[in-house]
Amino acid sequence: MPRPIAPSGAMGPFHADSSSCQHPRSITSMFQSIQNSRNALGLLFMLPAAVLLLLFLTYPLGLGVWLGFTDTKVGRAGEWIGLENYAFLWEDAVTRLALFNTLLYTFVASILKFFLGLWLAILLNERIPAKTLFRSIVLLPYIVPTALSALAFWWLYDSQFSIISWVLVKLGWIDHYIDFLGDPWNARWSVMAANVWRGVPFVAITLLAGLQTISPSLYEASAIDGASGWQRFRHITLPLLTPIIAVVMTFSVLFTFTDFQLIYVITRGGPLNATHLMATLSFQRAISGGALGEGAAIAIAMVPFLLAAILFSYFGLQRRAWQQGGSDQ
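These numbers were taken from a predicted model, which means no experiment stands behind them. (Residues numbered from 1 in each chain as written. Predicted model: local features only at pLDDT ≥ 70, side-chain atom pairs only at ≥ 80, totals over all residues. Heavy atoms only, no water.)

Description of the overall build of the chain
For clarity, the threshold we go by: Helix and strand definitions here come from DSSP, where helices need a minimum of 4 consecutive H or I residues and strands a minimum of 2 consecutive E residues; each element is numbered from the N-terminal end. The rule is simple: take the accessible area with a 1.4 Å probe, protein chains only, and divide by the maximum for that residue type; under 20% is buried, over 50% is exposed, in between is partly exposed. By the convention used here, residues are in contact when the closest approach between their heavy atoms is within 4.5 Å. Computed by Shrake-Rupley with a 1.4 Å probe, the accessible areas treat only the displayed protein chains as cover when residues are assessed.
A tally of regular secondary structure across the chain gives 15 helices and zero strands. Across the 329 residues that make up the chain, the buried fraction comes to 33%. Summarising the internal contacts of the chain: among those between residues at least 6 apart in sequence, 67% fall at separations of at least 24. Counting every atom, the chain has about 21,100 Å² of accessible surface; 69% of that belongs to carbon and sulfur.

Right, dumping it as structure tokens:
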């Protein structure tokens, strides 16, 4: 029996629309174009991180900026007061002292961490026995939780049971226990020492990774030319390590400037506000004191200093263009 012919314009049960046939091809071509485009693929991979940053960073930052312009307190919605919080903080002696403490703390601790970390990185880069074991030991201060490290230093600095004072007395170097946390300047140097102890491993391990990227042939050629150890460090190691140093020091400054746990656990800002940093003072005014607007203003006042550290890293990284003989792509 002859098969019936469908009327003109009718579609059989297995006849597919031309647009439906092209739809899977268009999706496939779109994915292929994304895979072939480095920019599009990079944006796709960055999308989850961007969402997290938007939720957990942008929103809190925006809320903090808003609160800084209000007189919000715990349990009471605030009203817009403009720059009154910042004007008050500018005249507040405790805030100025906290800013001085923060700048001093950041400058001294960051410089010490850099030089000690660089020295330790160079030492661990040499051919020494049990090098892997020493590298693991160096990381211990950094991987220990900050609160536990702070508690350990709080015990070391105790005015009655300090093991540091006990050892010095037994050695005959001092005749009475040192008041580490009771004297303002002693307390400042003590918390700086704790921060340096905790931060040196991060600097050392990161710089060590940078040292291992430098070709040994450069040192061999300079040694053949008669260069001394200092000349090799100055003309080879330091220039090639500059981009890593810029990044490491930026993170070191950021972590030190915003330090909170060490100070809060060891001294809580005392004695006489001598160790209050901007972060601890912001917490004290906003949470303990209930003045959310004032505490937010103190926190926002830290942003210009953090931006300055980021700009330092950016301009430091521009050295890569000079090292590579062209623009950094």
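Focus on the packing of helix α4 (residues 93-125) against helix α5 (residues 131-143)
As a reminder of what qualifies: In this analysis an axis means a line fitted to C-alpha atoms, helices contributing only their contacting stretch, and an angle means the value between N-to-C directions, from 0 to 180 degrees. In this scheme, roughly parallel covers angles under 35 degrees and roughly antiparallel covers those over 145, while 65 to 115 is roughly perpendicular and the rest are oblique. By definition, any crossing whose near helix is turned counterclockwise from its far helix by less than a right angle is left-handed, and any crossing with a clockwise turn is right-handed. Any residue that is not Ala, Val, Leu, Ile, Met, Phe, Trp, Tyr, Cys, Pro, Asp, Glu, Lys or Arg is counted as polar, Gly included; the first ten are nonpolar and the last four charged.
Between α4 and α5, whose axes approach to 10 Å, the crossing angle comes to 155°. Classed by the angle they form, the pair α4 and α5 counts as roughly antiparallel. Pair α4 / α5 crosses with left-handed handedness. In this structure, α4 contributes L120, L124 and N125 to the contact, and α5 contributes K131, F134, R135 and V138. Counted by class, the contact of α4 with α5 contains four nonpolar, one polar and two charged residues.

Topic: helix α12 (residues 278-288)
Of the positions making up α12, those classed as buried are M278, A279, T280, L281, S282, R285 and A286. Where α12 is buried, its residues meet α3 (84-91), α4, α11 (261-266) and α13 (292-301). Of the residues one or two after α12, G290 is the one with positive phi, at around 85°.

Here we look at the pattern of salt bridges
To keep it simple, the criterion reads: Any carboxyl oxygen of Asp or Glu that lies within 4 Å of a side-chain nitrogen of Lys or Arg is treated as forming a salt bridge with it.
Within the structure shown, the criterion is met by two salt bridges. Salt-bridge contacts for D92 lead to R285; the nearest nitrogen and oxygen are separated by 2.7 Å. Of this pair, D92 sits in the loop between α3 and α4 while R285 is found in helix α12, placing the two residues 193 residues apart along the sequence. Among the ionic pairs, E294 bridges to R285, the shortest N-O distance being 2.4 Å. A single burial state applies to E294 and to R285, both of which are buried. Where salt bridges share partners, they join D92, R285 and E294 into one cluster.

Regarding the nonpolar core
Our working definition: Buried Ala, Val, Leu, Ile, Met, Phe, Trp, Tyr and Cys residues form a nonpolar core when they are joined through side-chain atoms within 4.5 Å.
Counting 21 residues, the largest nonpolar core has L118, L120, L207, L241 and I245 as the members making the most contacts within it. Listed by contribution, the elements that provide at least two residues to this core are α4, α8 (184-211) and α10 (229-257). For this core, the leading source of residues is α8, giving seven residues. Sequence-distant contacts of L207, defined by excluding residues within four places in its chain, comprise G117, L118, A121, L241, I244, I245 and V248.

Points about the side chain of S110
As for its position among the elements, S110 is in helix α4. Among all residues touching S110, those that are not within four sequence positions of it are Y105, M249, S252, V253 and T256.

A short note on the confidence of the model for the chain
Applied cut-off: Values of pLDDT, which run from 0 to 100, indicate the predictor's confidence residue by residue.
Averaged over the chain, the pLDDT score is 84; the fraction of residues at 70 or greater is 84%. Low confidence marks residues 5-22, where pLDDT is under 50. Its contacts with residues over four positions away, or in another chain, come to one contact. The low-confidence segment residues 321-329, where pLDDT is below 50, has nine contacts with residues more than four positions distant or belonging to other chains.

A look at the packing of aromatic side chains
What counts here: In summary, the pairing rule links any two rings of Phe, Tyr or Trp, Trp by its six-membered ring, whose centres are within 6.5 Å, and it sorts them by plane angle into stacked for under 30 degrees, edge-to-face for over 60 and tilted for everything else. Two thresholds decide whether a charge sits over a ring: the Lys NZ or Arg CZ must be within 6 Å of the ring centre and within 35 degrees of the ring normal.
Across all of its chains, the model carries 16 aromatic pairs by this definition. Summarising the aromatic geometry, the rings of F114 and F115 are spaced 5.2 Å apart at their centres and angled 65° between planes, so their arrangement reads as edge-to-face. Residue classification places F115 among the exposed residues on the basis of a relative accessible area of 52%. Three or more aromatic residues joined by ring pairs form one cluster here, namely W66, F69, W80 and Y86. Lying across the ring of W185, R188 places its NZ or CZ 4.4 Å from the centre.

A few points about a nonpolar patch on the surface
Put simply, the test is: Two joining distances apply to patches: 9 Å for like charges and 5 Å for nonpolar side chains (Val, Leu, Ile, Met, Phe, Trp, Tyr), and every residue must have over 30% relative accessible area and no salt bridge.
Residues L148, L151, W154, W155, F161, I163, I164, W166, V167, L171 and W173 make up a contiguous nonpolar surface patch of about 1,200 Å² in total accessible area. Contributing elements (two or more residues each) for the nonpolar patch: α6 (146-156) and α7 (163-170). Note on placement: L151 falls in helix α6. Of the residues examined, L151 reaches a relative accessible area of 45% and is grouped as partly exposed.

Quick notes on unusual backbone geometry
Along the chain, G270 connects to P271 via a cis peptide bond; the corresponding omega equals -5°. Position of P271 relative to the elements: it lies in the loop between α11 and α12. Even without a glycine there, the phi angle at L272 is positive, about 55°. Here L272 is to be found in the loop between α11 and α12. Given the relative accessible area of 74%, L272 is considered exposed. Phi angles above zero are rare outside glycine, and N273 is one such case at about 65°. Classification of N273 by relative accessible area gives partly exposed; the value is 26%.

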